[in-house]
Amino acid sequence: MNLLFFYSLRNLLTRRLTTALTALGMALVVFVFAAIIMLAEGLQKTLIDTGSYDNVVVIRKSSGSEVQSGIDRVQASIVETQPEIAMGQDGRPMIAKEMVVLITLEKQDAATRSNVVIRGVSPASLALRPQIRILAGRLPASGASEIMVGKSIATGFKGAGLEESLVFGMRSWRVVGIFDAGSTGYSSEIWGDVDQLMPAFRRPVYSSILFNLRNTDDFETVQPRIQNDPRLTVEAKRETVYYKEQSEAMATFLRILGLSLTIVFSIGAVVGAMITMYAAVATRTAEIGTLRALGFTQAAILTAFLLESLFLGAIGGCAGLFFASFLQFITVSTTNFQTFSELAFSFRLTPGIVIKSLSFSLIMGFAGGVLPAFRASRLNIITALREA
Amino acid sequence: MPSKRPVIEITDLVKSYRRGGQSIPVLENICLKIEEGEFLALMGPSGSGKSTLLNLIAGLDQADSGSIRVGDREITVLSESELARWRAGHVGFIFQFYNLIPVLTAFENVELPLMLTRLSKKARKSHVATALSLVSLSDRMDHYPRQLSGGQQQRVAIARAVVTDPTLLVADEPTGDLDRHSADEVLQLMDQLCTELGKTIVMVTHDPRAARKSHTLKYLEKGVLTDAPQIAAPECL
Ligand SMILES: Nc1ncnc2c1ncn2[C@@H]1O[C@H](COP(=O)(O)OP(=O)(O)O)[C@@H](O)[C@H]1O
Ligand SMILES: [Mg+2]
């Protein structure tokens with residue numbers, strides 16, 4: 001039935017303006033749909049990339065995130081004795097006891113201030129996060145009031161450039177290094193020696209403990225041991241899981257927002273397609289009668305009009321995706337809902353999103369075309385022919 | 001009298017339309033025999049039921065009672081989808097307003113009925129080429145209907161009607177929308193289809209010149225079919 005295929009397609013192309021306008025309506029909906037799930041995807045990807053699978057994060061039970069967590073020194077030393085912890089190249093265990101606090105800093109563009117994560121780190125912290133590279137300067141020396149800042153911080157905040165100084169925790173801290181952590185959340189953090197930062201912020205407890213596993217499978221033994229130890233009130237998670245959970249709420253929020261918005265918008269687009277298709281049936285009534293007289297069945301007519309409407313949806317879907325694909329070049333900076341700190345990420349287009357968006361546009365095409373197509377297929381042949 | 005069985009045999013055909021709960025009779029006990037290769041013209045005043053009768057013969061409409069046999073098929077008992085399949089194989093249509101599909105070329109319009117057959121693409125192509133050369137429009141096969149004159153469009157429609165080699169050609173006022181010259185061409189062509197290719201044609205017309213081309217002339221008035229306007233309807237035998 002390839003002639004029927006051309007028949008449908010050419011009818012669309014013949015009434016170019018109507019087709020373009022109807023498809024544009026669908027394109028807008030697909031654009032919004034794709035944009036929001038691309039945002040959710042980009043956010044989640046950024047946060048998940050922040051973690052590595054063989055690292056384990058230990059935080060206080062049900063604290064949700066590092067920021068709310070606290071682990072005292074006694075508990076920290078118990079965690080430190082777990083035999084599953086890997087040894088680093090320097091022969092020391094790959095474990096970092098860290099402290100996380102939030103401060104506000106003045107942004108480069110004057111007036112506004114924004115939350116920034118300060119992370120007190122141990123010597124193993126850097127080795128536990130292989131995605132981090134020093135771009136300029138050096139690591140902060142232990143025992144000194146020195147810090148290094150993530151790339152986004154260095155460019156985004158006042159006094160955060162190399163060899164400049166930031167004042168917080170009632171002390172002045174010299175920026176001795178700038179690091180890049182790719183698209184991960186660390187790019188938006190400030191790092192210093194945990195033993196300097198804890199007294200400065202008068203924090204008696206660590207926020208979290210991060211360690212690397214000797215073997216990937218060891219997680220299955222170390223996690224229950226840590227969580228069931230009566231002396232400990234902590235939970236242990238793979239780092240990837242930890243960050244995925246961190247992004248879940250925001251991503252889910254975005255997806256629900258995206259879906260509700262597009263469902264509302266899509267009603268408009270579907271009605272538009274329906275009007276277009278009803279008009280097509282009305283203007284082509286005699287043509288339908290002719291096709292039926294020639295022996296084309298009701299099913300063939302139904303297919304032809306449904307196909308036409310699906311094409312319409314596909315055109316809208318492709319156009320919407322085309323425009324949405326340009327969003328990938330935009331980096332957005334937003335507040336991380338868990339830490340309320342700055343987080344930079346991009347819209348991310350995945351094959352999954354392409355498939356979802358196109359299916360969505362085809363569903364719109366189908367929904368708009370099904371009733372008109374039924375009407376077309378059920379026209380009485382003789383009445384239809386009289387329309388000539 | 002005829003040595004062969006007529007290709008079309010209509011017996012006691014009754015058709016009425018329902019309008020606002022009232023039944024309006026259109027055809028009353030129509031009897032008609034059409035021989036193979038006959039060119040029959042059907043005349044009569046407007047609203048007398050000519051198109052209704054033609055549509056019934058062509059399997060587009062359902063009769064109230066009576067029988068219509070075409071070839072060896074009783075078509076009044078066929079279902080909607082069986083009728084569609086039967087039309088595709090046995091009836092060629094020629095309409096007053098040509099009824100070509102605007103978005104398809106002349107070639108594709110003629111190919112359209114062949115899409116309902118099992119013919120290969122190559123076989124379809126050669127059938128279409130033959131049909132178009134029959135109506136002398138081989139050089140126009142890539143033209144769209146809007147690029148053709150009315151007469152040319154009607155000739156494409158004739159090519160479309162004969163391309164499947166149907167048992168029967170039905171034409172409802174085929175010259176009704178044409179100028180005199182184009183009308184003559186179309187009538188010439190239909191005459192040729194009948195005399196040279198032995199096609200059976202049933203044509204509804206108002207045009208006396210068209211009627212003159214036919215072999216047999218029938219009048220339909222107030223639902224009754226007669227051989228001549230002044231002669232009363234003969235009883236069915
Ligand atoms: N679908 C229909 N519903 C009601 N009445 C109809 C319908 N089709 C035809 N008629 C009536 O049947 C009669 C015959 O119509 P038709 O066969 O088209 O006449 P003709 O072709 O001889 O001019 C007319 O009175 C017409 O109004
Ligand atoms: Mg008529």
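Residues numbered from 1 in each chain as written. Chains lettered and ligands numbered in written order. Predicted model: local features only at pLDDT ≥ 70, side-chain atom pairs only at ≥ 80, totals over all residues. Heavy atoms only, no water.

Points about the nonpolar core
Logical step 1: Formed by 71 residues in total, the largest nonpolar core has its most connected members in Tyr7, Phe296, Phe305 and Met364 of chain A together with Leu112 of chain B.
Logical step 2: Among the elements of the structure, helix H1 (2-14), helix H2 (16-50), strand S1 (55-60), helix H7 (239-283), helix H8 (285-294), helix H9 (298-325) and helix H10 (351-378) of chain A are those that each provide at least two residues to this core.
Logical step 3: A per-element tally of this core places H2 of chain A first, with 14 residues.
Logical step 4: Residue-level mapping places this core at the junction of two domains, with at least three residues from each of domain 1 (2-48 + 246-386) and domain 2 (62-232) of chain A.
Logical step 5: Setting aside its immediate chain neighbours within four residues, Tyr7 of chain A contacts Arg284, Glu287, Leu291 and Ala304 of chain A together with Ile101, Val103 and Leu104 of chain B.
Logical step 6: With 40 residues, the next largest nonpolar core counts Met99, Val101, Ile147 and Val234 of chain A among its residues. (Core = buried A, V, L, I, M, F, W, Y, C linked by side-chain atoms within 4.5 Å. Buried < 20%, exposed > 50% of the residue type's maximum accessible area, 1.4 Å probe, protein only. Helix = DSSP H or I, 4+ residues; strand = E, 2+ residues; numbered from the N terminus. Domains from an automatic or database assignment. Contact = heavy atoms within 4.5 Å.)

Here we look at unusual backbone geometry
Logical step 1: The phi angle at Glu163 of chain A is positive, at roughly 70 degrees, despite the residue not being glycine.
Logical step 2: With respect to the element layout, Glu163 of chain A can be found in the loop between helix H4 (151-156) and strand S6 (165-168).
Logical step 3: Phi at Asp165 of chain B is positive, roughly 55 degrees, even though this residue is not glycine.
Logical step 4: Residue placement: Asp165 of chain B occurs in the loop between helix H5 (150-162) and strand S7 (168-172).

So, the domain arrangement of chain A
Logical step 1: Taken domain by domain, chain A comprises domain 1 (2-48 + 246-386) and domain 2 (62-232).
Logical step 2: The C-alpha-based centres of domain 1 of chain A and domain 2 of chain A are spaced at 47 Å.

Some thoughts on the sheet that holds strand S9 (residues 216-221) of chain B
Residues and elements named next belong to chain B.
Logical step 1: The 6 strands lie next to each other as S6-S7-S8-S3-S9-S10, forming an open sheet whose pairing is mixed. With partners counted over all chains shown, the strands left at the sheet margins are strand S6 (91-94) and strand S10 (224-226), one partner each. Strand-to-strand twist in this sheet, taken as the mean axis angle between neighbours without regard to direction, amounts to 20 degrees.
Logical step 2: Relative to S10, S9 runs antiparallel, the two being bridged by 3 bridges. Bridge pairing in S10 links Glu221 to Val224. (Pairing = 2+ DSSP bridges. Axes fitted to C-alpha atoms, helices over the stretch in contact; angles between N-to-C directions.)

Some words on the site of ligand 1
Logical step 1: Taken together, Arg386 of chain A together with Tyr17, Arg19, Val26, Pro45, Ser46, Gly47, Ser48, Gly49, Lys50, Ser51 and Thr52 of chain B form the complete shell of residues around ligand 1.
Logical step 2: One finds residues of chains A and B in close proximity to ligand 1.
Logical step 3: The contact in question runs from a nitrogen atom of ligand 1 to an N or O atom on the side chain of Arg19 of chain B, over 3.1 Å.
Logical step 4: Between an oxygen atom of ligand 1 and a main-chain N or O atom of Gly47 of chain B, the distance comes to 2.7 Å.
Logical step 5: Taken by itself ligand 1 offers 560 Å² of open surface, and the protein chains cover 72% of this.
Logical step 6: Counting only elements with at least two residues in the shell around ligand 1, the list comes to strand S1 (8-19) and helix H1 (50-57) of chain B.
Logical step 7: Sorting elements by how many residues they give to the shell around ligand 1 places H1 of chain B first, with 3 residues.
Logical step 8: Class assignment of the residues belonging to the shell around ligand 1 gives a composition of 3 nonpolar, 6 polar and 3 charged. (Near = heavy atom within 4 Å. Polar contact = N/O pair within 3.5 Å; in protein donor to acceptor, adjacent residues only side chain to side chain. Areas by Shrake-Rupley, 256 points an atom, 1.4 Å probe, with all protein chains shown as cover. Nonpolar A, V, L, I, M, F, W, Y, C, P; charged D, E, K, R; others polar.)

Re the sheet that holds strand S4 (residues 65-70) of chain B
Residues and elements named next belong to chain B.
Logical step 1: Overall, antiparallel pairing links the 4 strands, which are arranged S2-S1-S4-S5 in an open sheet. Across the chains shown, the open sheet's two edge strands, defined by having one partner strand only, are strand S2 (22-34) and strand S5 (73-74).
Logical step 2: Relative to S2, S1 is paired through 9 bridges, and the arrangement is antiparallel. Across the sheet, Lys15 pairs through a bridge with Leu27, a residue of S2.

Some words on the packing of aromatic side chains
All names here are of chain A.
Logical step 1: As enumerated under the stated definition, the model contains 12 aromatic pairs over all chains in all.
Logical step 2: Between Tyr186 and Tyr243 the ring centres are 6.4 Å apart and the planes differ by 85 degrees, which places this aromatic pair in the edge-to-face class. With Tyr186 in the loop between strand S7 (171-180) and strand S8 (189-193) and Tyr243 in helix H7, this residue pair connects regions lying 57 residues apart in the sequence. Judged on exposure class, the residue Tyr186 and its partner Tyr243 are both buried.
Logical step 3: On the basis of an interplanar angle of 70 degrees and a centroid distance of 5.4 Å, the ring pair of Phe322 and Phe323 is categorised as edge-to-face. (Phe/Tyr/Trp six-rings, centres within 6.5 Å; stacked < 30°, edge-to-face > 60°.)

A few points about the interface of chain B and chain A
Logical step 1: Taken residue by residue, the interface counts 23 residues in chain B and 21 residues in chain A.
Logical step 2: Roughly 2,200 Å² is buried in total at the junction of chain B and chain A, and carbon and sulfur atoms are behind 69% of that figure.
Logical step 3: Looking at the side of chain B facing chain A, the largest losses of area belong to Val103, Met115 and Leu116 of chain B, adding up to 24% of the total buried there.
Logical step 4: Here Glu108 of chain B ties to Arg10 of chain A by a salt bridge, and the two come within 2.6 Å at their closest N and O atoms.
Logical step 5: Counting only elements with at least two residues in the side of chain B that touches chain A, the list comes to helix H2 (80-90) and helix H3 (106-111) of chain B.
Logical step 6: By residue number, the principal contributor to the side of chain B that touches chain A is H2 of chain B, which donates 4 residues.
Logical step 7: Residue composition of the side of chain B that touches chain A, grouped by class: 14 nonpolar, 3 polar and 6 charged. (Buried area = accessible area lost by both parts, 1.4 Å probe. Salt bridge = Lys/Arg side-chain N within 4 Å of Asp/Glu carboxyl O.)

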